[in-house]
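So you can see what is in the structure, the chains are spelled out below.
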Amino acid sequence: MRRMVLAIIAAGALASAAAAADDPATDRTLHDYVLTMDKVNHFSAAMDAFDVASKSDPSLKAEGDAMSSEPDATLAQVEAKFDHHPRVFAFYAKQGLSKADAAVLPIALMDACTAVQYPQVAAKMASRIAPSQVAFCKANLATLKAMKFFGASEQ
């Protein structure tokens, strides 16, 4: 199930990256998003809770699978997924996250950390990454890498 959730995020991030080239509003939304460890921790807790619940609830797993198959070429489409699948969004809402947080946070975080890890691409992403996001990622990279949703292996 974690792979499904990560696939939703990755697909949304990749699709958003392609769409952002033609969408200054998306770039602005991503650029202006404020990353905090509090939000990241709440996002991670939501994903962990969804993962646990979907293992014991086949209908929730099916809803997550259905969500992952929906279009996500724009931020609006990623947010709309949460409208179409309120049971999935409920895990984020319980953590105090909005639909925008659930859609934008993983993309903004991935973009900022990509710029940190691959500085040669940072200039190409400047319209959608704020210096504060890059600083956040630099300051928290070790902690982020240890988080399951960020790619740490499950033990």
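Right, let's walk through the structure included here. This structure is a prediction, so every number in the text was calculated from the model and none was measured.

Observations regarding the overall build of the protein
Secondary structure summary: the protein contains 9 helices and 0 strands in total. Order of helices (α) and strands (β) in the protein, N terminus to C terminus: α-α-α-α-α-α-α-α-α. Here the protein holds 155 residues, and 45% of them are scored as buried. Residue pairs in contact within the protein that sit at least 24 positions apart in sequence constitute 70% of those at least 6 positions apart. Of the roughly 7600 Å² that the protein leaves accessible, carbon and sulfur atoms contribute 60%.

Some points on the state of the cysteines
The final tally for this structure, using the stated rule, is 1 disulfide. Paired through a disulfide, Cys-113 and Cys-137 show a sulfur-sulfur distance of 1.8 Å. Torsion about the S-S bond of the Cys-113 and Cys-137 cystine: about 120°, corresponding to right-handed handedness. In this pair, Cys-113 sits in helix α7 (residues 99-117) while Cys-137 sits in helix α9 (residues 131-145), placing the two residues 24 residues apart along the sequence. For the pair Cys-113 and Cys-137, one class covers both residues: buried.

Side note on the packing of aromatic side chains
For the coordinates displayed, the defined rule picks out 4 aromatic pairs. Aromatic pair Phe-50 and Phe-91: ring centres 5.4 Å apart, planes at 85°, arrangement edge-to-face. One end of the pair, Phe-50, is in helix α3 (residues 37-56); the other, Phe-91, is in helix α6 (residues 86-94), and 41 residues separate them in sequence. Phe-91 shares its class with Phe-50; the two are buried. Just above the ring of Phe-89 sits the side chain of Lys-99; from NZ or CZ to the centre is 5.4 Å.

What about the packing of helix α4 (residues 58-68) against α6?
Across the interface, α4 lies against α6 with an axial gap of 9 Å and an inter-helix angle of 95°. Compared by their axis directions, α4 and α6 come out roughly perpendicular. Facing α4, whose interface residues are Ser-59, Leu-60, Glu-63, Gly-64 and Met-67, α6 presents Pro-86, Arg-87, Val-88 and Phe-91. Residue classes in the contact of α4 with α6 are distributed as 5 nonpolar, 2 polar and 2 charged.

Some details on the environment of Ala-49
Looking at where Ala-49 falls in the secondary structure, it is placed in helix α3. Separated by 43 residues in sequence, Ala-49 and Tyr-92 have C-alpha atoms that sit 9.3 Å apart.

Section: the nonpolar core
Judged by nonpolar contacts, the single largest core of 39 residues is most densely connected at Leu-35, Val-40, Phe-82, Tyr-92, Leu-109 and Leu-144. At the level of secondary structure, the elements contributing two or more residues to this core comprise α3, α4, α5 (75-84), α6, α7 and α9. Apart from the residues lying within four places of it in its own chain, the contact partners of Leu-35 are Leu-105, Ala-108, Leu-109, Ala-112, Gln-133 and Phe-136.

Concerning the packing of α3 against α6
With their axes 8 Å apart at the nearest point, α3 and α6 run at an angle of 140° to one another. The orientation of α3 relative to α6 falls into the category oblique. α6 is crossed by α3, and the crossing has right-handed handedness. Residue-level contacts link Phe-43, Ala-46, Met-47, Ala-49, Phe-50 and Ala-53 of α3 to Val-88, Phe-91 and Tyr-92 of α6. Residues of the contact of α3 with α6, tallied by class, amount to 9 nonpolar, no polar and no charged.

About the thresholds
Chains are numbered independently. Their residues run from 1 in the order of the written sequence. Since the coordinates come from a predicted model, pLDDT governs what is reported: local features require at least 70, and pairs of side-chain atoms require 80 or more to be given and counted, while whole-chain, interface and lining totals use all residues. Hydrogens and water are ignored here; the side-chain numbers use all heavy atoms of the structure. Going along the chain from the N terminus, every DSSP run of H or I of four or more residues is numbered as a helix, and every run of E of two or more is numbered as a strand. The classification of residues rests on relative accessible area computed with a 1.4 Å probe and restricted to protein chains. Under 20% of the type maximum is buried, over 50% is exposed, and intermediate values are partly exposed. Throughout, a residue-residue contact means that at least one pair of heavy atoms, one from each residue, lies within 4.5 Å. Surface accessibility in these figures is a Shrake-Rupley result with a 1.4 Å probe; residues are shielded only by whichever protein chains are displayed. Counting rule for disulfides: a pair of cysteine sulfur atoms within 2.5 Å. Working definition: a ring pair exists when centres of Phe, Tyr or Trp rings (six-membered ring for Trp) sit within 6.5 Å. Plane angles under 30 degrees give stacked, over 60 give edge-to-face, the rest tilted. Definition used: whenever NZ (Lys) or CZ (Arg) falls within 6 Å of the ring centre and also within 35 degrees of the ring normal, the charge is taken to sit over that ring. All axes here are fitted lines through C-alpha atoms, helices being fitted over the stretch that makes contact, and every angle between N-to-C directions spans 0 to 180 degrees. Relative orientations are named as follows: roughly parallel for angles under 35 degrees, roughly antiparallel for angles over 145 degrees, roughly perpendicular for angles from 65 to 115 degrees, and oblique for any other angle. Residues are sorted three ways: Asp, Glu, Lys and Arg are charged, Ala, Val, Leu, Ile, Met, Phe, Trp, Tyr, Cys and Pro are nonpolar, and all the rest, Gly among them, are polar. To form a nonpolar core, buried Ala, Val, Leu, Ile, Met, Phe, Trp, Tyr and Cys residues must be joined to one another through side-chain atoms within 4.5 Å. Left-handed is the label given to a crossing in which the near helix is rotated counterclockwise from the far helix by less than a right angle, and right-handed is the label when the rotation is clockwise.

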